[in-house]
Amino acid sequence: MRRVVRGFWGPRPEPVDALAERWQRTLDGFAELVPQAADVWSQVHGKGPATAFAADGDALRDALRTAQSAADWSDLTGTGLRLVGTGAAGWQAEVSSLAGGSPQFLLQSLAIVLHSPDLAVVPEEDVLALIAREWEPDFGDVSDDDVLDALEDDAGYSVGDPVVGRTGYLSPARAALVPEGLEIVRQRLHDGGELLSIAAPGDSATVVRVYEQLRETGALAPLPRPMDRAVL
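Reference entry: report on the structure contained in this document.

1. Here we look at the overall build of the chain
Part 1: Secondary structure assignment for the chain yields six helices and 10 strands.
Part 2: Over its C-alpha trace the chain gives a radius of gyration of 17 Å, about what one expects of a compact globule, namely 17 Å for 232 residues.
Part 3: With the C-alpha coordinates of the chain rotated into their principal frame, the extents come out at 50 × 45 × 35 Å.
Part 4: Residue pairs in contact within the chain that sit at least 24 positions apart in sequence constitute 68% of those at least 6 positions apart.

As structure tokens, this is what we get:
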């Protein structure tokens, strides 16, 4: 099964050392939650083959500095890094980010794409909570191809719009706009944001319904463009 766990936010300029620390805590936390997913990491490059990657602080800082030294790098985009990990049979993880920049229109992001055996139990809500803790996003989701297709086809969702999937994360200002009586489980996190447990795998119809209700109340309103802050 393929699932994606993501967090998105607006401009938040950060130096390489800060980004490397966020990355390190994310990889360490992910290894604790899903240890079977990635034993060995490699870095994916824009050109050429992937290369072995140590996934430690020094390697992360070097990779981020290299990305910032590219001729086409701009803080209006952010600093990208993409790692792929292979683990036990049937498991693979990809972690990618675009972060630390001052974009006016392009959201910053951290995404974990996880491939697992179909019957495997994956703590996907805990992985989203990890992203919320380490990257302080504006919103986030746990989705799969069926969920995203349903949101696009039935609710008019477009890439870049604030979104929730089977599970969602909303920053504090967004969480305050969640209507009472919504048939979801809400969990307050350390930052005042909320983790929303919305639907089981395969129940795309419930995701679409909740997404539409949250959008109507403003909980999924887009950040104003040009963006001037990281969260709503």
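2. Things to note about the layout of surface pockets
Part 1: Size it by volume and the largest pocket reaches roughly 370 Å³.
Part 2: Here the element with the most residues in the lining of the largest pocket is strand β4 (residues 79–86); it accounts for four residues.
Part 3: Taken together, the residues of the lining of the largest pocket break down into seven nonpolar, nine polar and two charged.
Part 4: Space inside the second largest pocket adds up to approximately 250 Å³.
Part 5: As for the second largest pocket, its lining consists of 15 residues, of which R6, F8, Y157, V159 and G160 are closest to the centre.
Part 6: Sorting the residues of the lining of the second largest pocket by element identifies β1 (2–9) and α4 (145–155) as the ones contributing at least two each.
Part 7: Grouping the amino acids of the lining of the second largest pocket by side-chain chemistry returns 10 nonpolar, one polar and four charged.

The rules we used
- Residues numbered from 1 in each chain as written.
- Predicted model: local features only at pLDDT ≥ 70, side-chain atom pairs only at ≥ 80, totals over all residues.
- Heavy atoms only, no water.
- Helix = DSSP H or I, 4+ residues; strand = E, 2+ residues; numbered from the N terminus.
- Rg over C-alpha atoms; globule rule 2.2 N^0.38 Å.
- Contact = heavy atoms within 4.5 Å.
- 1 Å grid on protein atoms, 1.4 Å probe; cavity = no way out; pocket = protein on both sides within 12 Å on 5 of 7 lines; lining within 4 Å.
- Points joined across faces, edges and corners; volume = space filled by probe spheres on them.
- Nonpolar A, V, L, I, M, F, W, Y, C, P; charged D, E, K, R; others polar.

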